[in-house]
Amino acid sequence: MYNVRQVCEDTWMTGASDRRIELFENVYPVPDGVSYNNYVILDEKTCLLDGVDSAVRDQFMENLDHVLGDRDLDYMVVHHMEPDHAAVLGDLVQRYPNLKVVAGAQAFKMMGQFFDFDLTDRKVVVKEGSTLELGKHTLNFVAAPMVHWPEVLVSYDSATGALFSADAFGSFGALGGNIWADEVEWDRDYAAEARRYYVNIVGKYGLQTTNLLKKAAKLDIKYILPLHGFLWRQDMGKFIDLCAKWASYTPEVDSVCVFYGSIYGHTGNAASILAAKLADRGLKNVRIYDVSKTDTSELVSRAFEYSTLVFASSTYNMGIFDRMDSFVGDLAKHNLQKRTVGIIENGTWAPQSGALLKQRLEGMKDMTLVEPTVKMMSAVKPATVEQLDALADALAASIQK
């Protein structure tokens, strides 16, 4: 049975949610599932904006049939060729013999890599500045390369003020009956998943996201309609401001987040002592994460959130503790920058993790290292506590300044 919502004039949401999925892109845990949004405009011409993942193909097809009724499908716009949005393209080409496919030149090249059917007589190639006339509604195309694939376009309907934003302004999480951000307690319940989505999926491409935000600022946007997560019709500036912070690597919270990798608990103990000392110095919202227990996507999200980071690592096989090594490598891959950092190292006979962490962090842009590096041998001793006091003083001073 169909399940659709009208989102603005002549425009319907026809996507569906997958609550069974465990890993998005086979990497990121999604305990609340994920939504695959797409939209249909009914005008003199009918237009589908993007497809869905094959996991929700049947629900989408029922939704599309209901919205179209006895009408044909004239156009399908492919803003983004990733299979979670374009897997059903072959089904649609078969079902609608007169369908024209609208996309950028690079997207058509990718279609040839994913599929074997011939689109020669169906192609409508668009680029930045192109328009698609549907009748009352006109789609205006804006290039959004590397947000987060190179072929991405977004489009703006000048009749309704709707921005079809592709993967920009998306979020993890399946949708219930409430599809608008203003229908839920978004700040409390969903903002963290929006950040985790952005920093892991798009976070590397801050400059490209900033460029798209500049283009979007010139449009009279009344609705933001992304391909994943909640839709926006109120308080859009709040989400746009958050995206601008994430894209410019500007922290949201001016406090300390401590990440530790510990084998038998001694390095974790040092991390806990440091956090308590930071609280004693008046710092609020201090957080601690065990990198062995917490998924890397959450760790990366928190690193983007906080201004000041501490990495506490055991030495393992003469290197950085494995899970810490992987985490710091992921931060570099996602282009994290502009952070103040502290280091705690541990080792029983040949501590190496501190020097190696420093080397890795110095390879990232605009990372300010706070001294002292705390050096401990095996377990926390009185001398370790003195070093933790000194590091807490330095971190607190850097924030309070």
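Heads up: the structure comes first, above all this text.
The numbers attached to residues start from 1 for each chain and follow its sequence in the written order. Since the coordinates come from a predicted model, pLDDT governs what is reported: local features require at least 70, and pairs of side-chain atoms require 80 or more to be given and counted, while whole-chain, interface and lining totals use all residues. In computing side-chain properties, one takes all heavy atoms of the structure into account and sets aside hydrogens as well as water.

Novice: Account for empty space enclosed by the protein, with residues named and values stated.
Specialist: Points on a 1 Å grid, built from protein atoms alone, make a cavity when a 1.4 Å probe fits but cannot get out and make a pocket when they are open with protein on both sides within 12 Å along at least 5 of 7 lines; residues with an atom within 4 Å of a point are the lining residues. Grid points are joined across faces, edges and corners, and a volume is the space filled by probe spheres set on the points. In total, this model carries 4 cavities of 30 Å³ or more according to the counting rule given. By volume, the largest cavity amounts to about 80 Å³. In terms of lining residues, the largest cavity is bounded by 14 residues, among which A168, F169, Y198, T209 and C243 are the most central. Counting from the N terminus, the helices are the DSSP runs of H or I reaching at least four residues and the strands are the DSSP runs of E reaching at least two. Only α6 (191-202), α7 (206-216) and α8 (236-247) provide two or more residues apiece to the lining of the largest cavity. Under the scheme applied, nonpolar residues are Ala, Val, Leu, Ile, Met, Phe, Trp, Tyr, Cys and Pro; charged residues are Asp, Glu, Lys and Arg; polar residues are all the others, including Gly. Residue classes in the lining of the largest cavity are distributed as 11 nonpolar, 2 polar and 1 charged. In this structure, the second largest cavity encloses a volume near 60 Å³. Lining the second largest cavity are D32, S171, F172, G173, A174, D189, Y190, E193 and F230. Classifying every residue of the lining of the second largest cavity by side-chain character gives 4 nonpolar, 2 polar and 3 charged.

Novice: Explain the packing of helix α9 (residues 266-280) against helix α13 (residues 382-400) to me, and be specific about the residues and the numbers.
Specialist: Interhelical geometry of α9 versus α13 gives an angle of 45 degrees and a closest axis separation of 9 Å. Taken together, the axis directions place α9 and α13 in an arrangement best described as oblique. The handedness of the crossing between α9 and α13 comes out as right-handed. Residues A270, I273, L274, K277 and L278 of α9 lie in contact with α13, whose contacting residues are V385, L388, D389, L391, A392, L395 and A396. Residues of the contact of α9 with α13, tallied by class, amount to 10 nonpolar, no polar and 2 charged. Axes, fitted as lines to C-alpha atoms, cover a helix only where it is in contact. Angles between the N-to-C directions of the axes lie from 0 to 180 degrees. Note on terminology: angles under 35 degrees are roughly parallel, angles over 145 are roughly antiparallel, angles of 65 to 115 are roughly perpendicular, and the others are oblique. Each crossing gets its hand from how the near helix is turned against the far one by less than a right angle, where anticlockwise is left-handed and clockwise is right-handed. Contacts: residue pairs with any heavy atoms within 4.5 Å of one another.

Novice: Account for the pairing of strand β7 (residues 39-42), with residues named and values stated.
Specialist: By the bridge criterion, 3 bridges tie strand β2 (residues 11-13) to β7 in an arrangement that is antiparallel. Bridge assignment links T11 to a residue of β7, and that residue is I41. Strands were regarded as paired on the criterion that DSSP finds at least two bridges between them. For β7 and strand β8 (residues 46-49), the ladder comprises 4 bridges, and the chain directions are antiparallel. Residue pairing in the sheet places V40 in a bridge with L48 of β8. Turn length for the β7-β8 hairpin, with the two strands adjacent in sequence and antiparallel, is 3 residues.

Novice: Summarise the pattern of salt bridges; cite the residues concerned and give the values.
Specialist: For this document, the term salt bridge refers to a Lys or Arg side-chain nitrogen within 4 Å of an Asp or Glu carboxyl oxygen. The full count for this structure, using the stated rule, is 20 salt bridges. Here R233 ties to D182 by a salt bridge, and the two come within 2.9 Å at their closest N and O atoms. Taken as a pair, R233 in the loop between β16 (223-225) and α8 and D182 in the loop between β15 (162-164) and α5 (186-189) lie far apart in primary sequence, 51 residues in all. Throughout, exposure labels follow a simple rule: accessible area from a 1.4 Å probe, protein chains only, divided by the maximum for the residue type, with under 20% read as buried, over 50% as exposed, and the rest as partly exposed. The exposure class assigned to R233 is partly exposed, which follows from its relative accessible area of 33%. Several salt bridges share partner residues, and in doing so they unite R195, E252, E298, R302 and E305 into one network.

Novice: With reference to specific residues and values, describe a nonpolar patch on the surface.
Specialist: Taken together, the side chains of I263, Y264 and Y316 make up a nonpolar region of the molecular surface, amounting to roughly 360 Å² of accessible area. Relative to the helices and strands, Y264 resides in the loop between β17 (253-261) and α9. The patches described consist of residues with a relative accessible area above 30% and no salt bridge, like charges being joined within 9 Å and nonpolar side chains (Val, Leu, Ile, Met, Phe, Trp, Tyr) within 5 Å. What sets the accessible areas is the Shrake-Rupley method with a 1.4 Å probe; for residues, cover comes only from the shown protein chains.

Novice: Hey, could you go over the side chain of S155 for me, with residue numbers and the actual values?
Specialist: Secondary-structure assignment places S155 in strand β14 (residues 153-157). We define a polar contact as two N or O atoms separated by no more than 3.5 Å, with the added condition that, inside protein, one atom must be a possible hydrogen donor and the other a possible acceptor, whereas residues neighbouring each other in sequence contribute only through side-chain atom pairs. A distance of 2.8 Å separates the side chain of S155 from the side chain of H79, its partner in a polar contact. In this view, S155 contacts L49, H79, L139, N140, F141, A162, L163 and F164; residues no more than four positions away in its chain are not counted.

Novice: I'd love a proper account of the packing of aromatic side chains, names of residues and values included.
Specialist: Any aromatic ring pair is given by two values, namely how distant the centres are and how the planes are angled relative to each other. Here the aromatic set is Phe, Tyr and Trp, taking the six-membered ring for Trp, and pairing holds for ring centres within 6.5 Å; pairs whose planes are under 30 degrees apart are stacked, those over 60 apart are edge-to-face, and all others are tilted. Following the criterion strictly, the structure yields 20 aromatic pairs and no others. Ring centres of W180 and Y223 lie 6.1 Å apart, and the angle between their planes is 50 degrees; this geometry places the pair in the tilted category. Placement of the pair is W180 in the loop between β15 and α5 and Y223 in strand β16, with a sequence separation of 43 residues. Under the relative-accessibility criterion, W180 is labelled buried at 1%. Linked through ring pairs, F169, W186, Y198, W232, F239 and W246 together constitute an aromatic cluster.

Read these as spatial facts, not as claims about activity.
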